[in-house]
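# Descriptive analysis of the structure
Below, each chain spelled out in residue letters.
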Amino acid sequence: MSLPEAVGNRIREIRKAKGWTQEQLAEAAGLHYSYIGGVERGDRNISLETLEKITNGLQVPVEQIFQFKEDSAYRRALDEHIAVISSQSADQIESLTKINKEILASFTNAKNILDEF
């Protein structure tokens, strides 16, 4: 798979995790929907400026576009989580992070207790 195809796939995965159509992403990024389709298929060799428009439209950091992982179920779940929290303020994200850490610690503690039996 070429880099444009891999980047296009990631953009599609993130867009779908947000529940957006190509038209919605195009509007948020200030691009034409057919151009977004070409990017997602890897037909377009996009500029850094266009990549920035797309990531700003998706409200994700640029580096997320380059996080390629084979486990697509894992990636979809992570993308969905990021999509849910990306529109929140920094304070809200910090609060959500603390809550998630507490929940995960509870899961770990419960697992350890069950493992003792």
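Rules behind the numbers
Residues numbered from 1 in each chain as written. Predicted model: local features only at pLDDT ≥ 70, side-chain atom pairs only at ≥ 80, totals over all residues. Heavy atoms only, no water. Helix = DSSP H or I, 4+ residues; strand = E, 2+ residues; numbered from the N terminus. Rg over C-alpha atoms; globule rule 2.2 N^0.38 Å. Buried < 20%, exposed > 50% of the residue type's maximum accessible area, 1.4 Å probe, protein only. Contact = heavy atoms within 4.5 Å. Areas by Shrake-Rupley, 256 points an atom, 1.4 Å probe, with all protein chains shown as cover. Lys, Arg positive; Asp, Glu negative; His and termini not counted. Charge placed at Lys NZ, Arg CZ, Asp CG, Glu CD. Core = buried A, V, L, I, M, F, W, Y, C linked by side-chain atoms within 4.5 Å. Phe/Tyr/Trp six-rings, centres within 6.5 Å; stacked < 30°, edge-to-face > 60°. Lys NZ or Arg CZ within 6 Å of the ring centre and 35° of its normal. Axes fitted to C-alpha atoms, helices over the stretch in contact; angles between N-to-C directions. Parallel < 35°, antiparallel > 145°, perpendicular 65-115°, else oblique. Nonpolar A, V, L, I, M, F, W, Y, C, P; charged D, E, K, R; others polar. Polar contact = N/O pair within 3.5 Å; in protein donor to acceptor, adjacent residues only side chain to side chain.

Within the protein one finds seven helices and zero strands. Reading the protein from its N terminus to its C terminus gives the helix and strand order α-α-α-α-α-α-α. The C-alpha atoms of the protein give a radius of gyration of 17 Å, which is well past the 13 Å a tight globule of 117 residues would have. Expressed as lengths along the three principal axes of its C-alpha atoms, the size of the protein is roughly 55 × 35 × 20 Å. When burial is assessed residue by residue, the protein has 27% of its 117 residues classed as buried. Taking contacts inside the protein between residues at least 6 apart in sequence as the whole, the part at least 24 apart equals 57%. When the accessible surface of the protein is totalled, it reaches about 7,900 Å², and 53% of it is carbon and sulfur. Looking at the protein, you have 14 positive and 18 negative side-chain charges, and the mean spots of the two groups are 3 Å apart.

A few words now on the nonpolar core. Counting 15 residues, the largest nonpolar core has Ile11, Leu25, Leu31, Ile36, Ile54, Leu58 and Ile65 as its most contacted members. Looking at this core, the elements with two or more residues in it are α1 (3-17), α2 (22-29), α3 (33-41) and α4 (48-58). Look past the residues within four positions of Leu58 in its chain and what remains in contact with it is Ile11, Ile14, Arg15, Lys18, Trp20, Leu25 and Ser86.

In this section: the packing of aromatic side chains. Remark: the centre distance and the inter-plane angle together describe each pair of aromatic rings, the angle taken between the planes. Applying the stated criterion to the full structure yields zero aromatic pairs. Geometry around Trp20 places Lys18 over its ring, the cationic atom sitting 4.9 Å from the centre.

At a minimum axis distance of 6 Å, the contact between α1 and α3 shows a crossing angle of 120 degrees. Overall, the two elements α1 and α3 adopt an arrangement that is oblique. Of the residues in α3, those in contact with Pro4, Glu5, Gly8, Asn9, Ile11, Arg12 and Arg15 of α1 are Val39, Glu40 and Arg41. Each residue belonging to the contact of α1 with α3 can be placed in one class, and the counts come to three nonpolar, two polar and five charged.

Moving on: the side chain of Lys18. For Lys18, the position within the fold is in the loop between α1 and α2. Side-chain polar atoms of Lys18 contact the backbone oxygen of Leu58, separated by 3.2 Å. When sequence neighbours within four positions are dropped, the list of residues in contact with Lys18 reads Leu58, Gln59, Ala83 and Ser86.

The next subject is the environment of Glu116. Residue placement: Glu116 occurs in helix α7 (residues 90-116). Residues Glu116 and Arg41, 75 residues apart in the sequence, show an inter-C-alpha distance of 51 Å.

Interpretation note: all reported values are geometric properties and have no functional meaning in isolation.
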